[in-house]
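The lines below spell out each chain.
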Amino acid sequence: MHRRQWAAGAAASALLLGGLILTHTVDAKKPDHRPGKHQPPGKKKPPPPAAIYDPYPPGILPADIDAELARVLREIDGIEQETLAQLRALPPPVLTGQPPTLQGTGQRLIQLLGKAMNFDKNMSPNRNQACSSCHMPYAGFSGPIPSVNLTMVAYPGTVHFRAGKRTAQRYTYSPYFPVLHFNATQGLFFGGNFWDSRATGYILQQPDAEQAQHPPVDTQEMGNPDTACIAFKLSQAEYRPFFEQAWGPGALDIKFLPDTEAICATPGGAAVFGGNVTPVRLKPEDRLKANEAFNHWGQSIDAYEGSLDLSAFSSKFDAFLAGNATLTADEMAGYQLFDGKGNCNSCHVDGRGTTLSPGQTDTSNAATVNPVFTCFGSANEGLPLNPRNAFYYQTTPDPFGFTANPLGFGYRDLGLGTFLRSGFGSAPNPNSTWTSQAPSVDGQFQVSTARNVAMTPTQCPTTEAPGPYFQKELFHNGYIKSLKQLVHFYNTRDLYSFDVTSGHCPPGTTEKVDCWPRPEVPQNLDCTTGDLGLTDQEENQIVAFLQTLTDGFTTPYPDRDTFTGTCMTGGSAATQGNELLIPTPPLPPCAPQVCGVPPLPSANVDGPLIPCPHS
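A short tour of the structure in this document, coming up.

What counts, and where the lines are drawn
Residues numbered from 1 in each chain as written. Predicted model: local features only at pLDDT ≥ 70, side-chain atom pairs only at ≥ 80, totals over all residues. Heavy atoms only, no water. Helix = DSSP H or I, 4+ residues; strand = E, 2+ residues; numbered from the N terminus. Buried < 20%, exposed > 50% of the residue type's maximum accessible area, 1.4 Å probe, protein only. Contact = heavy atoms within 4.5 Å. Disulfide = S-S within 2.5 Å. Core = buried A, V, L, I, M, F, W, Y, C linked by side-chain atoms within 4.5 Å. 1 Å grid on protein atoms, 1.4 Å probe; cavity = no way out; pocket = protein on both sides within 12 Å on 5 of 7 lines; lining within 4 Å. Points joined across faces, edges and corners; volume = space filled by probe spheres on them. Nonpolar A, V, L, I, M, F, W, Y, C, P; charged D, E, K, R; others polar. Salt bridge = Lys/Arg side-chain N within 4 Å of Asp/Glu carboxyl O.

1. Structural notes on unusual backbone geometry
Here comes step 1: With an omega of -5 degrees, the peptide bond running from Q98 to P99 counts as cis.
Here comes step 2: Cis geometry marks the peptide bond from A465 to P466; its omega dihedral reads 10 degrees.
Here comes step 3: Phi at N343 takes a positive value of approximately 55 degrees, unusual for a residue other than glycine.
Here comes step 4: Along the chain, N343 turns up in the loop between α13 (329-338) and β5 (378-379).
Here comes step 5: Residue class for N343 comes out buried when judged on its relative accessible area of 10%.
Here comes step 6: The backbone phi angle of N452 is positive, close to 65 degrees, even though this residue is not glycine.
Here comes step 7: Checked against the element boundaries, N452 lands in the loop between β6 (445-446) and α16 (483-492).

2. Quick look at the side chain of H488
Here comes step 1: Along the chain, H488 falls in helix α16.
Here comes step 2: Leaving out residues up to four positions away in the same chain, H488 has contacts with R493, Y496, K512, V513, W516 and E539.

3. Concerning the state of the cysteines
Here comes step 1: Scanning the model with the defined rule gives 5 disulfides in all.
Here comes step 2: The partner cysteine of C460 in its disulfide is C567, sulfur to sulfur 2.0 Å. Between C460 and C567, the S-S dihedral sits near -90 degrees, and the bridge is therefore left-handed. With C460 in the loop between β6 and α16 and C567 in the loop between α17 (536-546) and α18 (592-595), the pair connects residues that are 107 residues apart, well separated along the chain.
Here comes step 3: C460 sits in the buried class, given a relative accessible area of 0%.
Here comes step 4: Exposure remark for C567: the relative accessible area of 22% places this residue in the partly exposed category.
Here comes step 5: The disulfide that involves C527 links it to C612, with 2.0 Å between the sulfurs.

4. What about the nonpolar core?
Here comes step 1: In terms of nonpolar packing, the biggest core is built from 51 residues, with Y56 and M152 touching the most fellow members.
Here comes step 2: Going through the elements one at a time, α4 (65-89) and α18 are the ones with two or more residues in this core.
Here comes step 3: At 6 residues, α4 tops the list of elements feeding residues into this core.
Here comes step 4: Ignoring any residue separated from it by four or fewer positions in sequence, one finds Y56 in contact with L61, F161, R162, A163, A390, Y393 and Q394.
Here comes step 5: Residues F232, F242, F256 and W297 belong to the second largest nonpolar core, which totals 42 residues.

5. Brief notes about empty space enclosed by the protein
Unfilled space is identified by rolling a water-sized probe across the atoms.
Here comes step 1: Scanning all chains against the criterion turns up 5 cavities of 30 Å³ or more.
Here comes step 2: Estimates place the volume of the largest cavity at around 720 Å³.
Here comes step 3: Looking at the largest cavity, it is lined by 48 residues, and the ones nearest its centre are H348, S448, F475, L486 and Y490.
Here comes step 4: Mapped by element, the contributors of at least two residues to the lining of the largest cavity are β6, α16 and α17.
Here comes step 5: When residues in the lining of the largest cavity are grouped by element, the largest group, 4 residues, is from α16.
Here comes step 6: Here the lining of the largest cavity is composed, by residue class, of 23 nonpolar, 18 polar and 7 charged.

6. A few points about the environment of P125
Here comes step 1: Counting through the fold element by element, P125 comes out in the loop between α5 (106-118) and α6 (146-150).
Here comes step 2: Sequence separation between P125 and C229 is 104 residues, and the spatial gap between their C-alpha atoms is 9.0 Å.

7. A short note on the pattern of salt bridges
Here comes step 1: Counted under the stated rule, the structure contains 25 salt bridges.
Here comes step 2: Where R71 meets E75, a salt bridge forms, and the shortest distance between an N and an O atom there is 3.1 Å. Remark: E75 and R71 occur in helix α4; sequence separation between them is 4 residues, near one turn of the helix. With respect to class, R71 is no different from E75; both count as buried.
Here comes step 3: Note that E538 and K341 form a salt bridge whose closest N and O atoms lie 3.0 Å from each other.

Below is the structure:
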């Protein structure tokens, strides 16, 4: 339904949910209740919708947001049913050996279990948000709604319309990132998951498994108020028998109290919780089992993300490395520029040498035949603050009494630096020895793999206007809207640098063409890019090469044909999305909750720009 219609009766809905939680003391006296096999799936009605949260000025939310969210949920439901059928058809593995191993189909069992979890919308309080709501196969497991990619940047969560602060990062090849660590010799951090590397992997020793644990309890995303809610909902899931087959009989035999249903149907951050992060009351032995189930949730999804369903190594470039495909003239020229004049290979490592000297040619064989196209590090590329980001406007309480961003436009995204300080909007840093390094990494974000950056639905063959194309958003804040813009930014950031904010380029210039606004975080700027001297044709050739990194060339990419939306047409890749630029308001100083947390940034984030030295 439309968000304005949904708002009808909002006060009653919010009061009902609050009342359910406030009955804890009464419900606690009732007999213990074990959900699961005694409660057939699909018999329960979803909780009543709460009031729409719409603190946004006109134009931040796309006009088709309701229809597009419904479209993605239909696609998710189809893939979920497909996955359950695959699980049921799988020959049972045989537990044998020492250590005991699920011989035969055990690996596929856990992969498909992770897939079923990934596409399960019932894991959110309002049963309207799956992991895949922000990560669909046809977009390379990034954001599936073109209008959201053009406007509000982050995706709406279970509470419409709470939204996060960053783009939906692709999680193809994410299991290849190592545990976050600081290389003291290089003075650099490597590994972790998320744009700010906050999924360190410090407990599970697999950052990707830890990454899968964050969105289910993120207030802006799936929004569960307690990790135990995941175990509770797994115990009710249709795929519960497969979970217990994979992780052991009785893995979900947890004694939940009767009020658990109401607690887990209320979004995290609700005022009724009073800041309690474990509102589901469990005995210690049951909390331990719930924690184990939550870890197995992450491990199962990690198994799916590391499978050939996602991280397939099936691109044209992979076929080229195997000697089974020939790159076109433009693709080969782009590959040589990627490793040479464009200096892309310095961060998006492809297993070959970087040839920056004029006339230098690398004639060696590939050092690896499965390069992941990332150095696993982080960098500050100097992206301007994007005023379209919905997070800036969430300054008032939603119907549950939660305010996501009381800082408004005083918020600055310091990325890895904020995480190392355990700062606002990030996560607690589990390693105190890293904190002192925060000023050296302010503004840095993870170097994503270049693989599948160009993946689109089969019926929308490109990310680039005039198309037909599928609109994506690139970098952590979605400021860049096409691969052409991305390469042009790396090429000319310093050449066309202006001390203005987005939406205020001088008359006679065009933003993203010959005007780049100032970086949101000017410290620690990556000066290996910004003035590369590439021609327009050379930029296009690098784009052509990036398109060879899309999986599905040698074998079909699973579920890439499930997109039921509409392709876009018209315009130019150079100015793609510019019709929706909005002026950045006058910015207040960086809020002390961000820039006043020790160790302080190395310079005033809002101070004068320090240009990169270029010869």
